[in-house]
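Residues per chain are reported as follows:
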Amino acid sequence: MDPVTEDRAPEPLTEYAHRLTRRVRAFDRRHPLLWDLHITGFWVTAALIDFAGGGWRHIAHNLDVPGWLLLTLSLGLSIPLLWRRTHPRAVLVAMAPFALVNAWTGAALQAALLQLAAVYHIALRRDLRNLSWATVLVIAPVLVSVARHGEGSWDQQIGSQLMSITVAALIGITVRTRRNYTEALEDRARRLETERDQQARLATAAERARIAREMHDIIGHNLSVITGLADGGRYAAAKSPERAAQALDAIATTSRQALTELRRLLDVMREDEHNQADLTPQPGLTDLDHLLDGVRSAGLPVRTTTTHGSPTLPPGRQLTVYRVIQEALTNTLKHAGPDATAQIELSYEDKGAVTVTITDTGNAGRTDGPPPGGRGLPGMRERTALYGGTLEAGPRPHPEQGWRVRLHLPEESPQ
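A brief report on the enclosed structure follows. Just so it is clear, the structure is predicted and the values come from calculations on it, not from any experiment.

1. Comments concerning a positive patch on the surface
Item 1. A contiguous patch of positive charge on the surface is contributed by Arg25, Arg29, Arg30, Arg178 and Arg179.
Item 2. Mapped by element, the contributors of at least two residues to the positive patch are helix 1 (12-30) and helix 7 (154-239).
Item 3. Among the elements that make up the positive patch, the one with the highest residue count is helix 1 (three residues).
Item 4. If you trace the backbone, Arg178 turns up in helix 7.

2. Some remarks on the side chain of Asp36
Item 1. Along the polypeptide, Asp36 turns up in helix 2 (residues 32-52).
Item 2. Here the side chain of Asp36 touches Arg84 through a polar contact of 3.5 Å, side chain to side chain.
Item 3. A distance of 3.0 Å separates a polar atom in the side chain of Asp36 from a polar atom in the side chain of Arg85.
Item 4. Other than its neighbours up to four places away in sequence, Asp36 contacts Leu82, Arg84 and Arg85.

3. Points about the pattern of salt bridges
Item 1. For the coordinates displayed, the defined rule picks out 10 salt bridges.
Item 2. For Arg191, the salt bridge is made with Asp187, and the minimal N-O distance between the two is 2.9 Å. Remark: Asp187 and Arg191 occur in helix 7; sequence separation between them is four residues, near one turn of the helix.
Item 3. Measuring nitrogen to oxygen at the nearest pair gives 3.5 Å for the salt bridge that ties Glu392 to Arg404.

4. Points about the sheet that holds strand 1 (residues 302-308)
Item 1. Pairing within the open sheet is mixed, and its five strands lie in the order 1-2-3-5-4. One side of each edge strand has no neighbouring strand; the edge strands of this open sheet are strand 1 and strand 4 (390-395). Geometrically, the sheet is characterised by an average inter-axis angle of 10 degrees between neighbouring strands, direction not taken into account.
Item 2. Relative to strand 3 (residues 354-360), strand 2 (residues 342-348) is paired through seven bridges, and the arrangement is antiparallel. The partner of Ile344 across the bridge, within strand 3, is Ile358.

5. A word on a nonpolar patch on the surface
Item 1. Residues Leu13, Tyr16, Leu20, Val24 and Trp35 make up a contiguous nonpolar surface patch of roughly 490 Å² in combined accessible area.
Item 2. Counting residues per element, the nonpolar patch draws most heavily on helix 1, which supplies four residues.
Item 3. With respect to the helices and strands, the residue Tyr16 is situated in helix 1.

6. Quick notes on the nonpolar core
Item 1. If you look at the biggest cluster of nonpolar residues, it comprises 30 residues, and the most contacted ones within it are Val321, Ile325, Leu329, Ile344, Val356 and Ile358.
Item 2. Elements with a contribution of two residues or more to this core: helix 9 (288-297), helix 10 (315-335), strand 2, strand 3, helix 11 (376-386) and strand 5 (403-409).
Item 3. Sort the elements by how many residues they give to this core and helix 10 lands first, with six residues.
Item 4. Those residues in contact with Val321 that lie beyond four places of it in its chain are Leu285, Leu313, Leu346, Val354, Val356, Leu407 and Leu409.
Item 5. Core analysis: the next-biggest nonpolar cluster, separate from the first, contains 22 residues, Ala47, Leu81, Leu116 and Ala168 among them.

7. Side note on the packing of aromatic side chains
Item 1. This structure, assessed with the given rule, holds one aromatic pair.
Item 2. Taking 5.1 Å as the distance between ring centres and 75 degrees as the angle between the ring planes, the aromatic pair formed by Phe42 and Trp43 counts as edge-to-face.
Item 3. Seen from the ring of Trp104, Arg148 lies directly overhead, with NZ or CZ sitting 4.1 Å from the centre.

8. Details of the layout of surface pockets
Item 1. The space that makes up the largest pocket amounts to roughly 990 Å³.
Item 2. Considering the residues around the largest pocket, the lining is formed by 24 residues, among which Thr21, Arg25, Arg29, Val175 and Arg179 are closest to the centre.
Item 3. The set of elements that each furnish at least two residues to the lining of the largest pocket consists of helix 1, helix 2, helix 5 (115-125) and helix 7.
Item 4. Ranked by the residues each element gives to the lining of the largest pocket, the list is headed by helix 1, at seven residues.
Item 5. Here the lining of the largest pocket is built from residues that sort into nine nonpolar, four polar and 11 charged.
Item 6. Elements that contribute at least two residues to the lining of the second largest pocket include exactly helix 4 (88-105), helix 6 (130-149) and helix 7.
Item 7. Ranked by residues supplied to the lining of the second largest pocket, first place goes to helix 6 with five residues.

So, how was this worked out
- Residues numbered from 1 in each chain as written.
- Predicted model: local features only at pLDDT ≥ 70, side-chain atom pairs only at ≥ 80, totals over all residues.
- Heavy atoms only, no water.
- Patch = residues over 30% accessible without salt bridge, like charges linked within 9 Å, V, L, I, M, F, W, Y side chains within 5 Å.
- Areas by Shrake-Rupley, 256 points an atom, 1.4 Å probe, with all protein chains shown as cover.
- Salt bridge = Lys/Arg side-chain N within 4 Å of Asp/Glu carboxyl O.
- Lys, Arg positive; Asp, Glu negative; His and termini not counted.
- Charge placed at Lys NZ, Arg CZ, Asp CG, Glu CD.
- Helix = DSSP H or I, 4+ residues; strand = E, 2+ residues; numbered from the N terminus.
- Polar contact = N/O pair within 3.5 Å; in protein donor to acceptor, adjacent residues only side chain to side chain.
- Contact = heavy atoms within 4.5 Å.
- Pairing = 2+ DSSP bridges.
- Axes fitted to C-alpha atoms, helices over the stretch in contact; angles between N-to-C directions.
- Core = buried A, V, L, I, M, F, W, Y, C linked by side-chain atoms within 4.5 Å.
- Buried < 20%, exposed > 50% of the residue type's maximum accessible area, 1.4 Å probe, protein only.
- Phe/Tyr/Trp six-rings, centres within 6.5 Å; stacked < 30°, edge-to-face > 60°.
- Lys NZ or Arg CZ within 6 Å of the ring centre and 35° of its normal.
- 1 Å grid on protein atoms, 1.4 Å probe; cavity = no way out; pocket = protein on both sides within 12 Å on 5 of 7 lines; lining within 4 Å.
- Points joined across faces, edges and corners; volume = space filled by probe spheres on them.
- Nonpolar A, V, L, I, M, F, W, Y, C, P; charged D, E, K, R; others polar.

Structure, rendered in structure tokens:
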């Protein structure tokens, strides 16, 4: 495997963090209210601790604010966070009066900073144009506090608050952008996976449909032969019993061949195929010369050698051999480069067994052969599988260069 494209195993700590994050998000999707109650409870508790512990006194402008008012302000600035994700704008509007009273009285409760959480969720979940009036609502208490109590300069107080609002908004926008990007990637991955599966199914269906059309011609031919032999045998039975017996033998042979082809077709065609395309005669070994003449005219020298036997194959096997040779030579024309040559070796055995080897002398840089996404090689393998054969395709062994395709169809099994 190429080390550049090899997937690297994630670090244990990173994998643990990712797994924990996925679990938290899954829990949040299943129980959003429970998660919101936990977060809101945390901030309510923090606001009450600030009130009850007297921490607010360290930054307050007025230490004489009544306790009931401090409690009301603490709850009014924290409890609305329960709806921060579903209604962030309403939450900010609900908190605004408490923030203004907090600034006017001089209590300066730190719970007022929870307005930034609402700003964050507005930037995360709503139209970004809402940030303009949200900024006004959050800055208004600062203006009131500076105008009434006069501590700190205007630019310092407003600048500090604007900085806080900007940071909260930027965090929301960043999380929003990353979330949208992740969702887009996941959607693209799903669409690519669906498209890949559809392409694979379409390629398989197209190849099966083509095989079905070709096998239809073969079966139709065999049945026509059987009909003619039966008619002839019926007339010859009375005058020449020997010829009738020969006709019966021929019918038996042709029937076995037709049944074999039909069984193989049914094994491959698992789904219903509805084809209305025009059926045309399919090529056989007698058409090899015409195929090779066309390849030679395209600039690829091809030499053919028959090492054993003679081409006495059934039509289905002839078609498979023809198509494999055709695809192999086509790939040579496409990928072997200039000055390449090709050689075809055929060896015919008894009972329909055949071995075909197609080699070429492609350029030295060609080590991967036809592109993996092509349909030629899967089609050749499906044709070969119809007859229980094997197909090998790959580079020639070193020091030879080029590509080799080897097809072997075993003997026909008796029916």
